[in-house]
Amino acid sequence: MHPALQPIEFLIGTWTSESAVGHFPTINDFKYDETIYFEEIGQPLLNFKSISKIGERPMHLESGFLRILPGTSKVAFMVSHNFGLCSVEEGSVEGCNIVLESSGIQRISFAKDPMVTKIRRTITLLEDMKLEIKTDMATTNTPELTNHLIVIYKKNSS
Ligand code: HEM
């Protein structure tokens, strides 16, 4: 493992949701299933993948990289989303907590409205070694950062 990864080493592995719920003021609440992968490859970054489903139906897919600036707590998350967005999110890791806020979001010309204007993710390793990720977003219809997703994951045994 690259030594710079030590502050985010706790993420490495495959995590499966125990509970995953979605909300937003403009949509009905929903439950889903998600598996996320953080893989180390000897560089100061983790490869990332997320696959979410409702029943057997694939939903949101994400693929990207979580980079750390060696010797610091500064992290940057580059994510490509299947519904036509690429986000760059930056923040820091403090102990068991990582907070990332988008510094840029680019979208394809025919992505569905509303446009996502901000993403914030709060990633927390809980005391029972479960992982919680809260995702907040703002859109052109809902300009205040508002919760969209709360997920608790359990690490798969390897
Ligand atoms: C709706 C963005 C992750 C499921 C939406 C909407 C946006 C959005 C902009 C439309 C809201 C509106 O109409 O006002 C995002 C972003 C995500 C994300 C930026 C990640 C950072 C997910 C995930 C799921 C999901 C992981 C898992 C199933 C849904 C569903 C709806 C929705 C079911 C409502 C139905 C629909 O409009 O298609 N999301 N989403 N989203 N999202 Fe997400």
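Refer to the structure presented above.
Residues numbered from 1 in each chain as written. Predicted model: local features only at pLDDT ≥ 70, side-chain atom pairs only at ≥ 80, totals over all residues. Heavy atoms only, no water.

**Describing the nonpolar core**
Stage number 1. Formed by 27 residues in total, the largest nonpolar core has its most connected members in I8, L11, L66, I98 and L131.
Stage number 2. Setting aside residues no more than four positions away along its own chain, I8 makes contact with L46, L66, I68, V75, V93 and I98.
Stage number 3. Grouped together as the second largest cluster of nonpolar side chains are five residues, F24, L85, I119 and M137 included. (Core = buried A, V, L, I, M, F, W, Y, C linked by side-chain atoms within 4.5 Å. Buried < 20%, exposed > 50% of the residue type's maximum accessible area, 1.4 Å probe, protein only. Contact = heavy atoms within 4.5 Å.)

**Some words on the coordination of the iron atom of the ligand**
Stage number 1. For the iron atom of the ligand, the protein supplies a single donor, H148 (NE2), at a distance of 2.3 Å.
Stage number 2. Mapped onto the fold, H148 is located in strand β11 (residues 146-155). (Donors = N, O, S within 2.8 Å, 3.2 Å for Na, K, Ca; no water. Helix = DSSP H or I, 4+ residues; strand = E, 2+ residues; numbered from the N terminus.)

**Some points on the pairing of β11**
Regular strands place their side chains on alternate faces of the sheet.
Stage number 1. Judged from the seven bridges that link them, strand β1 (residues 13-22) and β11 form a sheet pairing that is antiparallel. Paired with T16 across the bridge in β11 is K154.
Stage number 2. Relative to β11, strand β10 (residues 131-139) runs antiparallel, the two sharing seven bridges. Note that in β11 the partner of T135 across the bridge is L149. (Pairing = 2+ DSSP bridges.)

**Overview of the layout of surface pockets**
Stage number 1. Taken as a whole, the largest pocket holds about 1,000 Å³ of empty space.
Stage number 2. Lining the largest pocket are 37 residues, and of these F30, H60, F83, M137 and H148 sit closest to its centre.
Stage number 3. When residues of the lining of the largest pocket are traced back to their parent elements, those giving at least two are β3 (33-40), β4 (45-54), β5 (57-68), β6 (74-81), β9 (116-125), β10 and β11.
Stage number 4. Per-class residue counts for the lining of the largest pocket are 21 nonpolar, 11 polar and five charged. (1 Å grid on protein atoms, 1.4 Å probe; cavity = no way out; pocket = protein on both sides within 12 Å on 5 of 7 lines; lining within 4 Å. Points joined across faces, edges and corners; volume = space filled by probe spheres on them. Nonpolar A, V, L, I, M, F, W, Y, C, P; charged D, E, K, R; others polar.)

**So, the site of the ligand**
Stage number 1. Taken together, 18 residues lie around the ligand, and T26, F30, H60, M137 and H148 are the ones closest in.
Stage number 2. Within the side chain of H148, one N or O atom sits 3.1 Å away from a nitrogen atom of the ligand.
Stage number 3. Given that more than half its atoms are within 2 Å of the pocket grid, the ligand belongs to the largest pocket.
Stage number 4. Looking at the shell around the ligand, the elements with two or more residues in it are β5, β9, β10 and β11.
Stage number 5. Looking at the shell around the ligand element by element, the count peaks at three residues for β5. (Near = heavy atom within 4 Å. Polar contact = N/O pair within 3.5 Å; in protein donor to acceptor, adjacent residues only side chain to side chain. Sits in = over half its atoms within 2 Å of the grid points.)

**A look at the pattern of salt bridges**
Stage number 1. One pass over the structure, following the stated rule, counts seven salt bridges.
Stage number 2. With a closest N to O distance of 3.6 Å, E101 and K118 form a salt bridge. Note that E101 is positioned in strand β8 (residues 97-107) and K118 in strand β9, a separation of 17 residues in sequence.
Stage number 3. Judged by relative accessible area, which is 27%, K118 ranks as partly exposed.
Stage number 4. With a shortest N-O distance of 3.0 Å, D136 and R120 are connected by a salt bridge. One end of the pair, D136, is in strand β10; the other, R120, is in strand β9, with 16 residues separating them in the sequence.
Stage number 5. Exposure remark for R120: the relative accessible area of 25% places this residue in the partly exposed category.
Stage number 6. Because the salt bridges share partners, they merge into one network encompassing E62, E89 and R121. (Salt bridge = Lys/Arg side-chain N within 4 Å of Asp/Glu carboxyl O.)

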